[in-house]
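Given next are the chains, with one letter for each unit.
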Amino acid sequence: MMQLSFRHALRVIVGLILCLNGFLTSEAVETPTADSTSAEYNERYIQHLKKREQRWMKLIPNLSSIQYAGSTGSVALGIGWDYGCGNRWETHVMLGVIPKQHYWHTYWSLTLKEVYIPWTLPVKRHFAVKPLYATLFVNSILHSDFWTSEPDRYPDGYYGFSSRIRFHLGIGQRFSLLIPAEKRRLGRELSLYYEISTCDLYVRQKFLNKSVPFSDMLSIGIGLIYNI
């Protein structure tokens, strides 16, 4: 019995030694793997930050504009973004002013404009023509003289439309100067444009009164756009 007990104890001790040796060996082998895994997760984190920064960078406006007339105010200043394949799409936010001499007050207007440019035709080396673009924009006059919902002082349905918000549809053309890369300081392109538009109220008036001249339905604006 004593001999068996001694052999059994010896086996237990040897087993413990082997187990301990294997544990230490596995720790030594697994250490680089842990470092590798940590590096992999760190790389994923860096890539996540880069994508996040890129998404935020897209929110920074990359064009500015100034427009005279065209249903955005006597003069309107704006910022915007171009994007999509070939930068065919643009979104503009514009703040315009209507001077007091034209009305009882000085009015401010806010315009949200979407532009689609299907074609760009190069002309020589540093010039390009965008022969046609389509625009859809919403304009609002920021003053209590104009209303979204019909005031109570009018009979129900007397006007049937909002005097504050107008929806516009237009077309235009652009003529662009492409700034060479070696001469760029603040931007890459300067464009002169014009656009002809009409709004929902003008279309409604024409529909109700056929004698309204077609030219009275149209509004013309000219402006400059500077692409950063």
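What you see is a predicted model; the values in this text were computed from it and never measured. (Residues numbered from 1 in each chain as written. Predicted model: local features only at pLDDT ≥ 70, side-chain atom pairs only at ≥ 80, totals over all residues. Heavy atoms only, no water.)

This part takes up the pattern of salt bridges. Enumeration over the complete set of coordinates arrives at 6 salt bridges. Where aspartate 82 meets arginine 188, a salt bridge forms, and the shortest distance between an N and an O atom there is 2.7 Å. Here aspartate 82, found in strand E2 (residues 75-83), pairs with arginine 188, found in the loop between strand E7 (165-178) and strand E8 (189-199); they are 106 residues apart in sequence, far enough to count as distant. Exposure remark for aspartate 82: the relative accessible area of 9% places this residue in the buried category. Residue classification places arginine 188 among the partly exposed positions, given a relative accessible area of 23%. The closest approach of N and O atoms between glutamate 189 and lysine 130, which form a salt bridge, is 3.0 Å. With glutamate 189 in strand E8 and lysine 130 in strand E6 (residues 127-141), this residue pair connects regions lying 59 residues apart in the sequence. Owing to a relative accessible area of 8%, glutamate 189 belongs among the buried residues under this scheme. On the accessibility criterion, lysine 130 (9% relative accessible area) is buried. (Salt bridge = Lys/Arg side-chain N within 4 Å of Asp/Glu carboxyl O. Helix = DSSP H or I, 4+ residues; strand = E, 2+ residues; numbered from the N terminus. Buried < 20%, exposed > 50% of the residue type's maximum accessible area, 1.4 Å probe, protein only.)

Of all hydrophobic cores here, the largest spans 6 residues; its members are Leu63, Val115, Ile117, Tyr133, Tyr193 and Ile225. Apart from residues no more than four positions distant in its own chain, tyrosine 193 is found in contact with Ile66, Gln67, Tyr133, Gln173, Arg174, Gly221, Ile222, Gly223, Leu224 and Ile225. (Core = buried A, V, L, I, M, F, W, Y, C linked by side-chain atoms within 4.5 Å. Contact = heavy atoms within 4.5 Å.)

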